[in-house]
Amino acid sequence: MPVRVRFAPSPTGSLHLGNALTAVANRRFADREVGIVVLRIDDTDPSRTVEGGEQAILGDLAWLGVAFDEGPVRQSERGSIYADAAERALASGAAENDSEGAVRLTREGTTLVRADGTATYHLASVADDLELGITHVIRGNDHRPNLELHQRIARALGRELPEVIHHGLVLGEDGKKLSKRHGHSSIAELRDEGLPAEAVRAYLDELDLPQHDVQLDLARLRRLAIDAIAGMSDEELAAAAGASVEAVPVLRGARSLVEAREYALLVLQPESAKLPDEARPTLDRFIELRAPMPERLSLDESRALVRELKAVGGDLRVLRLALTGAAKGPELAAVVAALSRDEALERTA
RNA sequence: GGCCCAUUCGUCUAGUGGCCUAGGACACCGCCCUCUCACGGCGGCGGCACGGGUUCGAAUCCCGUAUGGGCCUCCA
């Protein structure tokens, strides 16, 4: 029997890292067996759906490279399935109507259908997992206490629950449940911080299916970002940082895409800095060396130039300041390579 | 409070009774490299939560305690 799993977020906006872990875990689980991933939007509670929330999730999944094979299936559009399920539960005596008109599990009282006729998460989730032919449910530990309840609901419908696998949650660096307060908690935030998609994906892949809750390791994430940037081709890096390919040499030393953009700006729009009086000799030497050379220099040629300037006693810090307006930044030779001859001469004139 | 789950360096982990005076990665510290911030190279610090069993032998099995987490909604 082919494996069918599902990822079932509520449409509340950009995925939080823990949800993203569940999405990746489902995709990986299915891929091990050449299985199917169904994307299901759990929007049974209208008060919880956020405008554009589904789009944000779709965007996050695409960014992370998590594909799905079926869906999105929206629970808000599947009322008749839940109505049938409720009917069956009532018929079997496992559930009954209460005085308000809601359908509740006999004895324990868990609500299956609200008085307004909409299904609660418990009923909708179980009925859908059965109806969609899900073979394995992979979800976070926060759902573990629901396991027995869901098994009872499945039996009330005359079926058995699929196999359920729980994984640990992602906690903040303080060990508390991850929330907006922590920052760095949603995919959108991580993307805005300049972490490459490959890095976030690699982090989630590394976590795999944690047995217990794990603390968010930002240092690890940042390290993976450095690795991801190092692994990009010039074209990929330029595209990811929104810079031109000529600027790539200066982007190479950056540890995040945000930092890469800042480096690119140093070349495109240098800040004006006051040069010390003793800067002139170094700049004149630079001009002497640079002027007779081609409009564009390769990184190796630039390195040779910088080496030469240093050999004749040039103050490289002064050159950096003149070229970028900043005391810190990418490798000096990369800056020289990224600037045209005219631009370089103008900034040192 | 009740129920459930988990517990190996700061973090993520390897480890399923002898190969473990517990291995790795990232972080951290030091040194080297160096035009800055980084990258890189080399080295270092650092852990089996605790207490009882079982066993010739326990990180590994059992029990208890502690700690952490999750849930106890007509939220998912």
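Residues numbered from 1 in each chain as written. Chains lettered and ligands numbered in written order. Predicted model: local features only at pLDDT ≥ 70, side-chain atom pairs only at ≥ 80, totals over all residues. Heavy atoms only, no water.

Student: I would appreciate a short explanation of the overall build of chain A in the present structure.
Tutor: What chain A contains, in helices and strands, is 16 helices and 10 strands. Relative to the compact-globule value of 20 Å for 349 residues, chain A shows a C-alpha radius of gyration of 29 Å, a clear excess of over 25%. Expressed along its principal axes, the backbone C-alpha trace of chain A runs to roughly 95 × 40 × 35 Å. Of all 349 residues assigned to chain A, the portion counted as buried reaches 47%. Excluding contacts between residues fewer than 6 apart, the proportion of contacts in chain A whose partners are at least 24 apart in sequence is 70%. In the form shown here, chain A has an accessible surface area of approximately 17,100 Å², with 49% of it arising from carbon and sulfur atoms. Each charge class in chain A was averaged separately, 43 positive and 57 negative side chains, and the resulting centres sit 3 Å apart. (Helix = DSSP H or I, 4+ residues; strand = E, 2+ residues; numbered from the N terminus. Rg over C-alpha atoms; globule rule 2.2 N^0.38 Å. Buried < 20%, exposed > 50% of the residue type's maximum accessible area, 1.4 Å probe, protein only. Contact = heavy atoms within 4.5 Å. Areas by Shrake-Rupley, 256 points an atom, 1.4 Å probe, with all protein chains shown as cover. Lys, Arg positive; Asp, Glu negative; His and termini not counted. Charge placed at Lys NZ, Arg CZ, Asp CG, Glu CD.)

Student: What am I meant to see in the protein's contact with RNA strand B here?
Tutor: Near RNA strand B you find 47 residues, and of these Arg48, Arg114, Tyr121, Asp213 and Lys310 are the closest. Sugar plus phosphate, as a fraction of atoms of RNA strand B within 4 Å of the protein: 71%. One of the side-chain nitrogen or oxygen atoms of Arg220 is found 3.5 Å away from a sugar or linking oxygen of RNA strand B. A distance of 2.7 Å is found between a base oxygen of RNA strand B and a side-chain nitrogen or oxygen belonging to Arg320. Class assignment for the residues of the surface near RNA strand B results in 13 nonpolar, 13 polar and 21 charged. (Near = heavy atom within 4 Å. Polar contact = N/O pair within 3.5 Å; in protein donor to acceptor, adjacent residues only side chain to side chain. Nonpolar A, V, L, I, M, F, W, Y, C, P; charged D, E, K, R; others polar.)

Student: Help me understand helix α7 (residues 197–207) in this model?
Tutor: Residues that lie three or four places apart on an α-helix share one face, since the helix turns once every 3.6 residues. Every buried residue of α7 is accounted for by Ala197, Ala199, Val200, Arg201, Tyr203, Leu204 and Leu207. Looking at the packing, one finds that the buried side of α7 touches α1 (17–32), α2 (53–64), β9 (170–171), α6 (187–192), β10 (214–215) and α8 (218–230). Once α7 finishes, Asp208 follows within two positions and takes phi at roughly 55°, a positive value.

Student: Where do I start with the pairing of strand β8 (residues 163–167) in this structure?
Tutor: A regular strand carries its side chains on alternate faces of the sheet. When strand β7 (residues 136–140) meets β8, the two strands line up parallel, connected through five bridges. Paired with Ile138 across the bridge in β8 is Ile165. Between the parallel pair β7 and β8, the chain is carried across by helix α5 (residues 147–156), and the sense of this crossover is right-handed. (Pairing = 2+ DSSP bridges. Right-handed = clockwise from strand over helix to strand, strands pointing away.)

Student: Where do I start with the nonpolar core in this structure?
Tutor: Nonpolar side chains in soluble globular proteins tend to end up buried together. Membership of the largest hydrophobic core comes to 36 residues, with the highest contact counts inside it found for Leu237, Val250, Leu251, Phe286, Leu319 and Leu323. Residue assignment for this core shows that the elements contributing at least two residues are α9 (234–241), α10 (248–251), α11 (257–268), α12 (280–290), α13 (299–311), α14 (316–324) and α15 (332–338). Residue contacts for Val250: discarding those within four places in its chain leaves Tyr263, Ala264, Val267, Pro330, Ala334, Val335 and Ala338. Judged by nonpolar contacts, the second largest core, of 30 residues, contains Leu39, Leu64, Ile187 and Leu207. (Core = buried A, V, L, I, M, F, W, Y, C linked by side-chain atoms within 4.5 Å.)

Student: Please clarify how the pattern of salt bridges should be interpreted in this entry.
Tutor: Pairing between side chains of opposite charge can happen when the charged atoms of each approach one another. Within the structure shown, the criterion is met by 29 salt bridges. For Arg78, the salt bridge identified is with Asp128, shortest N-O distance 2.8 Å. Residue Arg78 is located in the loop between β3 (70–74) and α3 (79–92), and its partner Asp128 is located in helix α4 (residues 121–131); the two are separated by 50 residues in the primary sequence. According to the relative accessible area criterion, Arg78 is buried, its value standing at 13%. Residues joined by salt bridges that share partners form a network here, namely Arg6, Arg40, Asp42, Arg78, Asp128, Asp129 and Glu131. (Salt bridge = Lys/Arg side-chain N within 4 Å of Asp/Glu carboxyl O.)

Student: Quick question: what am I supposed to make of the sheet that holds strand β6 (residues 111–113) here?
Tutor: Strand order in the open sheet formed by three strands is β4-β5-β6, with antiparallel pairing between adjacent strands. Taken across any chain shown, the strands that pair with only one partner, and hence form the sheet edges, are β4 (95–97) and β6. Strand-to-strand twist across the sheet, computed as the mean angle between neighbouring axes with direction ignored, equals 35°. With three bridges connecting them, β4 and strand β5 (residues 103–105) associate as antiparallel partners. Bridging across to β5, Ala95 finds its partner in Leu105. Sitting on the sheet, α3 is in contact with β4, β5 and β6, with an inclination near 100° to β4. (Axes fitted to C-alpha atoms, helices over the stretch in contact; angles between N-to-C directions.)

Student: Would you mind showing me how to read the confidence of the model for chain A here?
Tutor: The predicted coordinates of low-pLDDT regions are not to be read in fine detail. Residue-level pLDDT values for chain A average 89, and 98% of them are 70 or greater. Across the assembled chains, the prediction reports ipTM 0.88 with pTM 0.90. (pLDDT = per-residue confidence, 0-100.)

Student: Any chance you could explain the packing of α12 against α13 here in plain terms?
Tutor: Two packed helices can be described by the angle between their axes and the distance between those axes. It is at 10 Å that the axes of α12 and α13 come closest, and there the two elements cross at 140°. Of the possible angle classes, the one that applies to α12 and α13 is oblique. Taken as a pair, α12 and α13 cross one another with a handedness that is right-handed. Across the interface between the two elements, Thr282, Arg285, Phe286, Leu289 and Arg290 from α12 touch Leu305, Glu308 and Leu309 from α13. (Parallel < 35°, antiparallel > 145°, perpendicular 65-115°, else oblique. Left-handed = near helix turned anticlockwise from the far one by under 90°.)

Student: So what exactly am I meant to see when it comes to the side chain of His122 here?
Tutor: Relative to the helices and strands, His122 resides in helix α4. With relative accessibility at 17%, the residue His122 sits in the buried group. Setting aside chain neighbours within four positions, we find His122 in contact with Thr110, Asn146, Leu149, His150 and Ile153.

Student: Would you take a moment to explain α11 for this structure?
Tutor: Over its 12 residues, α11 runs 16 Å from end to end, which matches the ideal 16 Å to within 8%, given 1.5 Å per residue. Elements in contact with the buried residues of α11: α8, α9, α10, α14, α15 and α16 (341–348). For α11, the N-terminal capping position is held by Ser256, with its side-chain oxygen 3.3 Å away from the main-chain nitrogen of Val258. (Expected span 1.5 Å × (residues − 1).)

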